[in-house]
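# Fold and geometry: a report
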Amino acid sequence: MSNGTEREQWGSKIGFVLAAAGSAVGLGNIWRFPYITGQNGGAAFVVIYVALIFIIGFSVMLAEMAIGRNAQLNAVGSFRKLKGGMWPIVGWMGVIAGFIILSYYGVIGGWTISYILKSFTGLMDFAAQGEAGQVFGSFVSNIPQVIGWQLVFMFVTIFVVYKGIGGGIEKCCRVLMPALFILLLVLIVRSVTLPGAGEGLSFYLKPDFSKMNAGTFGAALGQAFFSLSLGMGCMITYGSYLGKKETLPGAAVQVCFLDTMVALLAGLVIFPAVFAFGVDAGAGAGLTFITLPNVFGQMPGGPIWSGLFFLLLFVAALTSAISLLEVVTAYIIDEIKMPRQKATIIAGILITLLGIPSALGVAGIIPKFAGRDFLDSADFLASNVLLPLGGLFIALFVGWVWTDGAKKEVTNNGSAPFGLYVPWLWVCRLVAPIAIAYIFITGLKW
Ligand code: TRP
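Residues numbered from 1 in each chain as written. Predicted model: local features only at pLDDT ≥ 70, side-chain atom pairs only at ≥ 80, totals over all residues. Heavy atoms only, no water.

### A closer look at the overall build of the chain
For the chain, the count of helices and strands is 19 helices and zero strands. For 446 residues, the compact-globule estimate of 2.2 N^0.38 gives 22 Å, and the C-alpha radius of gyration of the chain, at 21 Å, lies within 12% of that figure. Along the longest, intermediate and shortest principal axes, the C-alpha atoms of the chain span 60 × 50 × 40 Å. Buried residues in the chain amount to 61% of all 446 residues. Long-range contacts, defined as pairs at least 24 residues apart, comprise 83% of the intrachain contacts of the chain with a sequence gap of at least 6. Summing over all exposed atoms, the chain offers an accessible surface of approximately 16500 Å²; the carbon and sulfur share of this is 69%. (Helix = DSSP H or I, 4+ residues; strand = E, 2+ residues; numbered from the N terminus. Rg over C-alpha atoms; globule rule 2.2 N^0.38 Å. Buried < 20%, exposed > 50% of the residue type's maximum accessible area, 1.4 Å probe, protein only. Contact = heavy atoms within 4.5 Å. Areas by Shrake-Rupley, 256 points an atom, 1.4 Å probe, with all protein chains shown as cover.)

### A short note on the side chain of Arg69
Of note, Arg69 is situated in helix 3 (residues 43-71). On the basis of relative accessibility, which here comes to 1%, the residue Arg69 falls in the buried class. One polar contact links the side chain of Arg69 to the main-chain carbonyl oxygen of Gly243, over a distance of 2.9 Å. At 2.7 Å, the side chain of Arg69 forms a polar contact with the side chain of Asn412. With residues up to four places along the chain from it excluded, the contact list for Arg69 reads Gly239, Ser240, Leu242, Gly243, Lys244, Lys245, Glu246, Leu248, Glu409 and Asn412. (Polar contact = N/O pair within 3.5 Å; in protein donor to acceptor, adjacent residues only side chain to side chain.)

### Considering the pattern of salt bridges
Applying the stated criterion across every chain, the model contains seven salt bridges. Between Asp334 and Arg7 there is a salt bridge, with the nearest N and O atoms lying 3.1 Å from each other. Here Asp334, found in helix 15 (residues 302-336), pairs with Arg7, found in the segment before helix 1 (13-24); they are 327 residues apart in sequence, far enough to count as distant. Asp334 sits in the buried class, given a relative accessible area of 6%. (Salt bridge = Lys/Arg side-chain N within 4 Å of Asp/Glu carboxyl O.)

### Notes on helix 15
Helix length check: helix 15, at 35 residues, gives a terminal C-alpha distance of 50 Å against a target of 51 Å (1.5 Å per residue), a fit within 8%. With 29 of its 35 residues buried, helix 15 lies for the most part within the structure. Positive backbone phi, at 55°, marks Lys337, one or two positions downstream of helix 15. (Expected span 1.5 Å × (residues − 1).)

### Quick look at the packing of aromatic side chains
Summed over all chains, the structure comprises 30 aromatic pairs. Their ring planes at 55° and their centres at 5.0 Å tell us that Tyr115 and Phe310 sit as a pair that is tilted. You can see Tyr115 sitting in helix 5 (residues 88-118) and its partner Phe310 sitting in helix 15, a full 195 residues away along the chain. What makes Tyr115 buried here is its relative accessible area of 0%. (Phe/Tyr/Trp six-rings, centres within 6.5 Å; stacked < 30°, edge-to-face > 60°.)

### A short note on the site of the ligand
The immediate surroundings of the ligand are formed by 17 residues, with Ala24, Gly28, Tyr105, Phe226 and Ser229 found nearest. Separating an oxygen atom of the ligand from a side-chain N or O atom of Tyr105 is a distance of 2.7 Å. Between the ligand and Ser323, the relevant distance is 3.4 Å, taken from a nitrogen atom to a side-chain nitrogen or oxygen of the residue. For the ligand, whose unbound accessible area comes to 370 Å², protein coverage reaches 100%. Among the elements of the structure, helix 1, helix 2 (27-39), helix 11 (214-227) and helix 15 are those that each provide at least two residues to the shell around the ligand. Its residues assigned to classes, the shell around the ligand shows nine nonpolar, eight polar and no charged. (Near = heavy atom within 4 Å. Nonpolar A, V, L, I, M, F, W, Y, C, P; charged D, E, K, R; others polar.)

### Examining the nonpolar core
Counting 166 residues, the largest nonpolar core has Phe309 and Trp424 as its most contacted members. Broken down by element, this core gets its largest block of residues, 20 residues, from helix 15. Discounting chain neighbours no more than four positions away, the residues touching Phe309 are Ile30, Leu187, Ile270, Thr288, Leu292 and Phe296. (Core = buried A, V, L, I, M, F, W, Y, C linked by side-chain atoms within 4.5 Å.)

### Considerations on unusual backbone geometry
One non-glycine residue with positive phi stands out, namely Ser229, at about 60°. Non-glycine residue Asn412 carries a positive phi angle of around 50°. Tracing the sequence through the fold places Asn412 in the loop between helix 18 (403-410) and helix 19 (421-445).

### Section: the environment of Asp334
In the structure, Asp334 is positioned 202 residues away from Ala132 in sequence and 46 Å away in space, judged by C-alpha atoms. Among the polar contacts listed, one links the side chain of Asp334 to the backbone nitrogen of Asn74, at a separation of 2.8 Å.

### Here we look at the packing of helix 2 against helix 5
At a minimum axis separation of 13 Å, helix 2 and helix 5 run at an interaxial angle of 85°. The orientation of helix 2 relative to helix 5 falls into the category roughly perpendicular. In contact with Leu27, Gly28 and Trp31 of helix 2, helix 5 contributes Tyr105, Ile108 and Thr112. By residue class, the composition of the contact of helix 2 with helix 5 is four nonpolar, two polar and no charged. (Axes fitted to C-alpha atoms, helices over the stretch in contact; angles between N-to-C directions. Parallel < 35°, antiparallel > 145°, perpendicular 65-115°, else oblique.)

### Digging into the side chain of Asp379
Looking at where Asp379 falls in the secondary structure, it is placed in helix 17 (residues 374-401). Within the structure, Asp379 has its side chain in polar contact with the side chain of Tyr104 (distance 2.5 Å). Discounting residues that sit within four places of it in the chain, Asp379 has contacts with Tyr104 and Asn384.

### Let's talk about the environment of Leu420
Relative to the elements of secondary structure, Leu420 occurs in the loop between helix 18 and helix 19. Separated by 85 residues in sequence, Leu420 and Glu335 place their C-alpha atoms 35 Å apart.

### Re a nonpolar patch on the surface
Among the surface-exposed residues, Ile55, Trp400, Val401, Val422, Trp426, Leu430, Val431 and Ile434 lie close enough to one another that they form a single nonpolar patch of about 730 Å² accessible area. Elements represented by at least two residues in the nonpolar patch include exactly helix 17 and helix 19. With five residues, helix 19 is the single largest residue contributor to the nonpolar patch. (Patch = residues over 30% accessible without salt bridge, like charges linked within 9 Å, V, L, I, M, F, W, Y side chains within 5 Å.)

The structure is reproduced here in structure tokens:
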């Protein structure tokens, strides 16, 4: 690096894979995936989703990792170094998307911490009467509480990124990712052994393709991108801390596999429970904070199950929030040449401030705009505009512009053959751009 200090690196390949999986596994898997699946007809949606993850998601993820590992720079710097011209704009959009996503992600992250505690302090009594909705409503309109928990969540996120790559992010993900897996397994055992769980399992596991419609494909691809943390240079940034000896395709497959596993397993927790207690699986965004507490409230040991569930959600959200902050921080470190500690604190504070309007919007203090509150609008702008555009240009960049460089990078200069190179190249060239352009256009209309 130009200032003479060496770039930080992951301690090991498995550390990198766990950190990247920590980024991918988040609210998207446990909160968003089940309700999107519920709204799109269950198992048929899941089949399409998994296919899209491994064809298009994997390809774009490998493209991002190759760009970052080759350039050894943040998202903006990577494009400038490899090609220049207008390309750094793609990195810029990524940094802005990271800024926006983390602003509201921090608010929801705060809710998860509060709900861990609420599980043991009265939430279950209301939920037993089916009144978790009222609890949620009065919680989100209590501004000091919501912002207080947002600050706690952001503080933890900032602390980990402040500690750096090996000593902060990697260390944290090495502990939390296995813990997350254990929590999931415990919750699955509880859920599938509930009387009446079978109906939920068959909704979730038996495809009924008649339930599919034109929107299914777009919803599945959008979910795949968000869930894999693609389209905003997250994997470029994480890849930039990876040593030159490691092989990229294997790492990308492992991250896709872990992310898909967690989403599928989260469905195994939620659908049996929701069907066993006869509530609506397509309940939308409220499924996690309203429907599930209502379900837990009717179970023996409700506080424990609810507490464990929201702990799971918190862990998943934290390791993703860390990656979002790292994209912005890496940009400031490389481009403005600021030390990590200072860069993290400045980025963290600015992002936390931008989150406050989201919190106020959910509370009804800021008016809705075109039917969406501030949080939904921020999510729409990032997930439906910036991420698909970012993914589109990343695929085109690797497929048509920086093609030779990418070939060398994914094969470690020819020393590690990549058997699927040709299919991968054509997915980047044609399949991914066409599919992304399609969801981009349909997503904007909606
Ligand atoms: N993938 C995360 C989730 O499933 C969210 C996330 C983290 C993300 N980093 C990202 C989404 C980068 C898009 C881009 O919740």
